[in-house]
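Residue-level structure breakdown
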Amino acid sequence: MIDYNHGQVKEMAEAIPLYGEYDAVVAGGGVAGCAAAMAMGKRGLRVLLIEATSALGGLATMGLVNIPLDFVSGLGREMMQELDRVDGHWHRNTDPEKHKLVLDRMMKKYHVEVLLVTQVVDAIVENDTVKGAVIQTKTGRKRVMAQRFIDASGDSDLAYYAGAATQSGRVKDGMSQACSLEFTLGGVRWEEYLESDIKKNDPRWTETIKKDLESGVLPYESDNHLNWITHLPGRPEHCGMDEVSICLVHSRRCYPTDNADLTRMYMEGREQSHIQAAYMKKRIPGFENSFLTATASLLGVRESRRIVGEYQLTARDLALSAKHDDVIAISNHGYDVHNFEESGNVKWAPVEINGEVQYVISSQAGFGTTTPPPDGKPVVNYKGQTAEFAEFEPNLYYDIPYRSLVPEKVENLLAAGRNLSSDVYAQSGARLIMCCLSMGEAAGTAAWMSLQKGITPRELDRKELQRELIANGVNLGQMFRTIPGVTDAEEQYADDYANPEFHTDAVTVKDAGNAYTMQGKKTGLN
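Computed from a predicted model, the values in this text were never measured in an experiment.

**So, unusual backbone geometry**
The backbone phi angle of His 238 is positive, close to 55°, even though this residue is not glycine. Position of His 238 among the secondary structure elements: in the loop between β11 (228-231) and β12 (242-247). Using a relative accessible area of 53% as the deciding quantity, one classes His 238 as exposed. Here the phi dihedral of Arg 253 falls at roughly 55°; this positive angle occurs in a residue that is not glycine. Secondary-structure assignment places Arg 253 in the loop between β12 and α8 (259-283). The exposure class assigned to Arg 253 is partly exposed, which follows from its relative accessible area of 41%.

Here it is, written out as structure tokens:
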């Protein structure tokens, strides 16, 4: 209770009751936090995993983002195998409900204590060292004490409360890229859609949306193209009643650490979902009998508060497929910035090459951008080649360095997931579900190892960490290159779940130009 005191409202200084003492506490129960907790639990630590929503999995479950893309390895492989066992996975599409159940069971397997519907609201710090976290429960605030902490909250909540330096959004005004509320539809005749002219000739619905906005058939522009559409495996299929998950809804001008703005985006997202569901029922072949089955209970926040770490992953790292000696995870997903203020996305980044700023893509998928660079310049690869003719080497991927998980000054704390130390462009590539999971596994393993050695996570020998990760089936790219002091030669690696965006052969792109990629080139598209 807080005394009103004639309007001079102050929080009274009083002892915060102890909830429990642990070896490690993880803030955030998305896939990164789950992996961090499991990595420590399987090695015998007493772990508390704190999650603000009512289920584990974050965007993969509560957010209906049922596409766990990027490299699958380590605990990620175990998770996918468990999803397979319950018919919850097909071709990198997952069933969010079965995914919740799988993660619940995995926590029990590895003896991780879980607190759902519980918010981390402060940190307990001494001499820049995190000693505890304050949580809000139904009976008031309580404290949890531990020797190691991992911030997998997505928003760097615990790091922020602990006084760690953070960055949020773009540099000029702190605005974050667009957020999305996913939704699902039932009653879809999938085969009819696959055979439709729209699917064959306008698969991202770009021209269809443009025309229907102009005619008024579509009353609201959520985006200028369909972002993705996936199946929900284990549900009715090929019977005229398929269930699909859709990413189309967008809120712009976003500030995801502002509760009022979050509320605006949730309400806006639900309104847009109903608009788009009605539009698809009217306009998209195969969707005539479709109906809205759900809107996500968790907003798809792509980027917000990120830690300032010992190393900041940059746009240049992605453009050049940079390798780092302290690699703890890998990704090949390119830039994917959903525009801050207008519709469309940006799949290029301004990178200085040969003394000139060029608008560079990190993979051939970048030629699919729906926003052109400024000043009439074309989109190019790091060689300066345009969509007229561009070559991409085989096995292109970039490293996530351990230093990007280590805050600049705060001790006993690591970050994992989309709040890694990075600029906006690099974060837009490194934020996919399976990459976040791998970061979580690395952070959890590092926390355990530092405790075993009696040192801080910052002091950990990266080589010992990498050997432990590789021994537990984690893909650090060891099959494509040597890791100094860890591997002497390229090693065999069993990839049971091939990354659909990864190309082991060289790729040559010809005449892939469009109005967004070929500005400044004499292609007739200017």
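**Details of the sheet that holds strand β10 (residues 183-188)**
Spatially, β11-β12-β10-β13 is the arrangement adopted by the four strands of the open sheet, whose pairing is antiparallel. Of all the strands in the sheet, the pair left with one neighbour each is β11 and β13 (291-295). Between one strand axis and the next, the sheet turns by 30° as a mean value, whatever way the strands run. With four bridges joining them, β10 and β12 adopt antiparallel strand pairing. Following the sheet pairing, Val 188 is matched in β12 by Asp 242. The sheet strands contacting α8 are β10, β12 and β13, and the helix crosses β10 at an angle near 25°.

**A closer look at the packing of helix α2 (residues 75-85) against helix α11 (residues 433-453)**
Remark: α2 packs on α11, axes separated minimally by 9 Å, with the N-to-C direction vectors making an angle of 125°. The orientation of α2 with respect to α11, classified from their angle, is oblique. Note on element contacts: α11 touches α2 through Met 434, Leu 437 and Glu 441, opposite Leu 75, Gly 76 and Met 79. The residue makeup of the contact of α2 with α11, split by class, is four nonpolar, one polar and one charged.

**Observations concerning the pattern of salt bridges**
One pass over the structure, following the stated rule, counts 33 salt bridges. Residue Arg 418 pairs with Asp 155 through a salt bridge whose shortest N-O separation is 3.1 Å. Of this pair, Arg 418 sits in the loop between β23 (413-415) and α10 (424-430) while Asp 155 sits in the loop between β8 (140-151) and α4 (157-161), placing them 263 residues apart in sequence. Across the pair, Asp 155 and Arg 418 agree in class, each one buried. A salt bridge links Arg 458 to Glu 310; the nearest nitrogen and oxygen atoms lie 2.9 Å apart. Residue Arg 458 is found in the loop between α11 and α12 (462-471), and its partner Glu 310 is found in the loop between β14 (305-307) and α9 (315-319); the two are separated by 148 residues along the sequence. The exposure class assigned to Arg 458 is partly exposed, which follows from its relative accessible area of 22%. A residue is classified by how much of its surface remains accessible, and Glu 310, at 39% relative accessible area, is partly exposed. Residues joined by salt bridges that share partners form a network here, namely Arg 170, Asp 173, Arg 253, Glu 341 and Glu 342.

**Focus on α2**
Taken as a whole, α2 has its buried residues at Leu 75, Gly 76, Arg 77, Glu 78, Met 79, Met 80 and Leu 83. Residues of α2 that are buried make contact with α1 (31-41), β3 (89-90), β4 (93-94), α3 (96-109) and α11. Immediately downstream of α2, the backbone of Asp 87 shows phi near 55°, a positive value.

**A short note on the pairing of strand β18 (residues 349-353)**
One face of the sheet, then the other: side chains in a regular strand alternate in exactly this way. Alternating positions in β18 separate cleanly, Ala 349, Val 351 and Ile 353 being buried on one face and Pro 350 and Glu 352 remaining unburied on the opposite face. Alignment of β18 against strand β19 (residues 356-360), held across five bridges, turns out to be antiparallel. From the neighbouring strand, Pro 350 faces β19, where its bridge partner is Tyr 359. Where β18 hands over to β19, the hairpin turn is made up of two residues, of which Asn 354 adopts a positive phi near 55°.

Reading the values: the criteria
Residues numbered from 1 in each chain as written. Predicted model: local features only at pLDDT ≥ 70, side-chain atom pairs only at ≥ 80, totals over all residues. Heavy atoms only, no water. Helix = DSSP H or I, 4+ residues; strand = E, 2+ residues; numbered from the N terminus. Buried < 20%, exposed > 50% of the residue type's maximum accessible area, 1.4 Å probe, protein only. Pairing = 2+ DSSP bridges. Axes fitted to C-alpha atoms, helices over the stretch in contact; angles between N-to-C directions. Contact = heavy atoms within 4.5 Å. Parallel < 35°, antiparallel > 145°, perpendicular 65-115°, else oblique. Nonpolar A, V, L, I, M, F, W, Y, C, P; charged D, E, K, R; others polar. Salt bridge = Lys/Arg side-chain N within 4 Å of Asp/Glu carboxyl O.

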